[in-house]
Amino acid sequence: MQNNYRNIYKVARLYAGFTQEKASELLCISVESQRAYESGRTIPPNDVVSAMIGLYGTHHLAYQHIMNSSEVARQCLPSIKIKDLPDAILQLQKEVTDFLNCRDELIALGCDGVITEEERARYDQIIEELDEVVAAIMTLKFAQEKEAQ
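For the structure given in this document, a descriptive report is provided here.

Reading the values: rules and limits
- Each chain has its residues counted from 1, following the order in which its sequence is written.
- Note on the predicted model: pLDDT of at least 70 is required for a residue's local features to be given, and 80 or more for side-chain atom pairs to be given and counted; whole-chain, interface and lining totals, by contrast, use all residues.
- The basis for every side-chain value is the complete set of non-hydrogen atoms in the structure, without hydrogens or water.
- The criterion is simple. A nonpolar core is a set of buried Ala, Val, Leu, Ile, Met, Phe, Trp, Tyr and Cys residues joined through side-chain atoms within 4.5 Å.
- Each residue gets one of three labels from its accessible area relative to the maximum for its type: buried under 20%, exposed over 50%, partly exposed in between, using a 1.4 Å probe on protein chains only.
- A run of H or I in DSSP counts as a helix once it spans at least four residues, and a run of E counts as a strand once it spans at least two, with each numbered from the N terminus.
- Contacts between residues were defined by any pair of non-hydrogen atoms, one from each residue, lying within 4.5 Å.
- Whether a set of points on the 1 Å grid over the protein atoms alone is a cavity depends on a 1.4 Å probe fitting there but being unable to get out, while an open set qualifies as a pocket with protein on both sides within 12 Å along at least five of seven lines; lining residues are those with an atom within 4 Å of a point.
- Grid points are joined across faces, edges and corners, and a volume is the space filled by probe spheres set on the points.
- Gly counts as polar in this scheme, as do all residues outside two lists: the nonpolar Ala, Val, Leu, Ile, Met, Phe, Trp, Tyr, Cys and Pro, and the charged Asp, Glu, Lys and Arg.
- We define a salt bridge as a side-chain nitrogen of Lys or Arg found within 4 Å of a carboxyl oxygen belonging to Asp or Glu.

**Looking at the nonpolar core**
Then, number 1: Grouped together as the largest cluster of nonpolar side chains are 13 residues, with contacts concentrated most on Tyr 9, Leu 27, Met 52, Tyr 56 and Leu 61.
Then, number 2: Mapped by element, the contributors of at least two residues to this core are helix H1 (8-16), helix H2 (20-27) and helix H4 (46-56).
Then, number 3: If you tally residues by element for this core, the top one is H4, at 5 residues.
Then, number 4: Sequence-distant contacts of Tyr 56, that is, excluding residues within four places in its chain, are made with Tyr 9, Ala 12, Arg 13, Ala 16, Phe 18, Ala 23, Leu 27, Gln 34 and Leu 61.
Then, number 5: Within the second largest apolar cluster, 6 residues are counted, among which are Cys 102, Leu 109, Ile 126 and Val 133.

Below is the structure:
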């Protein structure tokens, strides 16, 4: 079921510093269930993932879980990679700038409420630019901050 190279539930648990036994105890699930989730044999239900997010302090796990467990999410949401905060900020800046370069063209294409056959290819390209902005926003939202010293 899991198509990630590294299991997202296991990575989140290890990042938080819990053993399988301690995590399963705190999550009120069996160790066998924890192993099944972390081996990819089964996908945990949303309430368990919600508890994992709270316990592990890994909010990006929600997004990863939705992407792994829902075909609808995979079709509608952009895939993201977890990045360090500075990298995520720079990515967002780049994607917003790229979109701003075609913003006026989008307005011209869509202001009449109709995308003609001749306009369709360019309109679709601009929408892809917007998808990249959305992905960059989500990447920033879940960016890893450095520990304060």
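**What about the environment of Arg 6?**
Then, number 1: Here Arg 6 is to be found in the segment before H1.
Then, number 2: The exposed category is assigned to Arg 6, whose relative accessible area is 54%.

**Some words on the layout of surface pockets**
Then, number 1: For the second largest pocket, the calculated volume is near 330 Å³.
Then, number 2: Considered class by class, the residues forming the lining of the second largest pocket number 6 nonpolar, 5 polar and 4 charged.

**Re the pattern of salt bridges**
Then, number 1: One pass over the full model with this rule turns up 10 salt bridges.
Then, number 2: Put simply, Lys 22 and Glu 25 hold a salt bridge, and the shortest N to O gap is 3.8 Å. Residue Lys 22 and its partner Glu 25 are located together in helix H2, separated by 3 residues, close to a single helical turn.
Then, number 3: On the accessibility criterion, Lys 22 (38% relative accessible area) is partly exposed.
Then, number 4: A salt bridge links Asp 98 to Lys 94, with the shortest nitrogen-to-oxygen separation between them at 2.5 Å. Linking Asp 98 with Lys 94, this pair stays in helix H7 (residues 85-100), spanning 4 residues, or about one helical turn.
Then, number 5: Judged by relative accessible area, which is 24%, Asp 98 ranks as partly exposed.

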